[in-house]
Amino acid sequence: MMKARQSRIGPRKSSGTSWTLMLTLLVTCTFLILILLALGILSVPNTSSGLPKPNDLNSIARNTHISEGEDERGEQWVEIISWEPRAFLYHNFLTKEECEYLISIAKPNMHKSTVVDSETGKSKDSRVRTSSGTFLRRGRDKIVQNIEKRIADFTFIPIDNGEGLQVLHYEVGQKYEPHYDYFMDEFNTKNGGQRIATVLMYLTDVEEGGETVFPSAKGNFSSVPWWNELSECGKKGLSIKPKRGDALLFWSMKPDATLDPTSLHGGCPVIKGNKWSCTKWMRVSEYKA
């Protein structure tokens, strides 16, 4: 005998009723939300508000909070200074004692600063750089090691990829004309490859002048909060005023590993006071000191 087929009419009606109920609830909720939005009781969050526009320097502020200083450094935070070139300012990166220590160990060995000859790869005198300076052996003592470790943490580049610290001193009238930190020759890239980034640490405040200026940077330069405090040289591009303990990180290469021409930078002449700074160059691969 053939079995009677069960009717499916019942379940279909039940499913149709459920979908009708869900649709009614959805329409009702949507209608209520629209009413709340119209009355201003509810608002849609704007994820773009508060975020800086590319190259808009009006919004320079405390973008990335680090921590409260535990060794008299004060509050630490990082500002996004520029995207072209990529530049970031780490406030209170060094303590006052670390700044004074670097100056004290560098003073006995200071000599006229030189530049790199792109044809020979050797150092040579040049009028474009009138400061004095000296190199510190990488990892020479515990304090230097701690600073180098902090730089590696900041840049996410291994310690072994960094050159030795260079301490520089600028007296009144001394400067460093705009230049690139990356190399245009094969001599200097044999050991550690191309320079990828620079960390410039300010060891003293400067009363007037001495700014680090990026003349080819992209942005509305006059919108920086410290514009009125800049020297005439500092107003020729995106500039950062030296402040003891601060560290400026900028990249000489783009994320796609091509050289970044907007990383052109220089040191404005010191007008009043003295400027001490410390530079660390980071390479693409391990640098054999």
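Residues numbered from 1 in each chain as written. Predicted model: local features only at pLDDT ≥ 70, side-chain atom pairs only at ≥ 80, totals over all residues. Heavy atoms only, no water.

- The name recorded for the chain in an unreviewed UniProt entry is procollagen-proline 4-dioxygenase, from Canavalia gladiata.
- Recorded in UniProt under Catalytic activity (unreviewed entry), the annotation for the chain is "L-prolyl-[collagen] + 2-oxoglutarate + O2 = trans-4-hydroxy-L-prolyl-[collagen] + succinate + CO2". (UniProt positions renumbered as here; feature names shortened; annotations may be inferred.)

1. Re the packing of aromatic side chains
Next up, step 1: Taken as a whole, this structure holds seven aromatic pairs when the rule is applied.
Next up, step 2: Between Trp83 and Phe88 the ring centres are 5.7 Å apart and the planes differ by 80 degrees, which places this aromatic pair in the edge-to-face class.
Next up, step 3: On the basis of relative accessible area, Trp83 is assigned to the partly exposed category, the value being 43%.
Next up, step 4: For Phe88, a relative accessible area of 15% puts it in the buried group.
Next up, step 5: Here Phe135 and Trp281 contribute two aromatic rings whose centre-to-centre distance is 6.3 Å and whose plane-to-plane angle is 45 degrees, an arrangement assigned as tilted. Here Trp281 lies in strand E17 (residues 275-283) and Phe135 lies in strand E7 (residues 132-135), a separation of 146 residues in the sequence.
Next up, step 6: Through successive ring pairs, a cluster of aromatic residues spans Tyr90, Phe93 and Phe154.
Next up, step 7: Across from the ring centre of Phe93, 5.6 Å away, lies the NZ or CZ of Arg150, which sits over that ring. (Phe/Tyr/Trp six-rings, centres within 6.5 Å; stacked < 30°, edge-to-face > 60°. Buried < 20%, exposed > 50% of the residue type's maximum accessible area, 1.4 Å probe, protein only. Helix = DSSP H or I, 4+ residues; strand = E, 2+ residues; numbered from the N terminus. Lys NZ or Arg CZ within 6 Å of the ring centre and 35° of its normal.)

2. A short note on the sheet that holds strand E12 (residues 212-214)
Next up, step 1: With antiparallel pairing, four strands are arranged side by side in an open sheet as E9-E15-E12-E13. Because the sheet does not close on itself, it has two edges, and the strands there are strand E9 (176-179) and strand E13 (238-240). Between one strand axis and the next, the sheet turns through 15 degrees on average, direction left out of account. (Pairing = 2+ DSSP bridges. Axes fitted to C-alpha atoms, helices over the stretch in contact; angles between N-to-C directions.)

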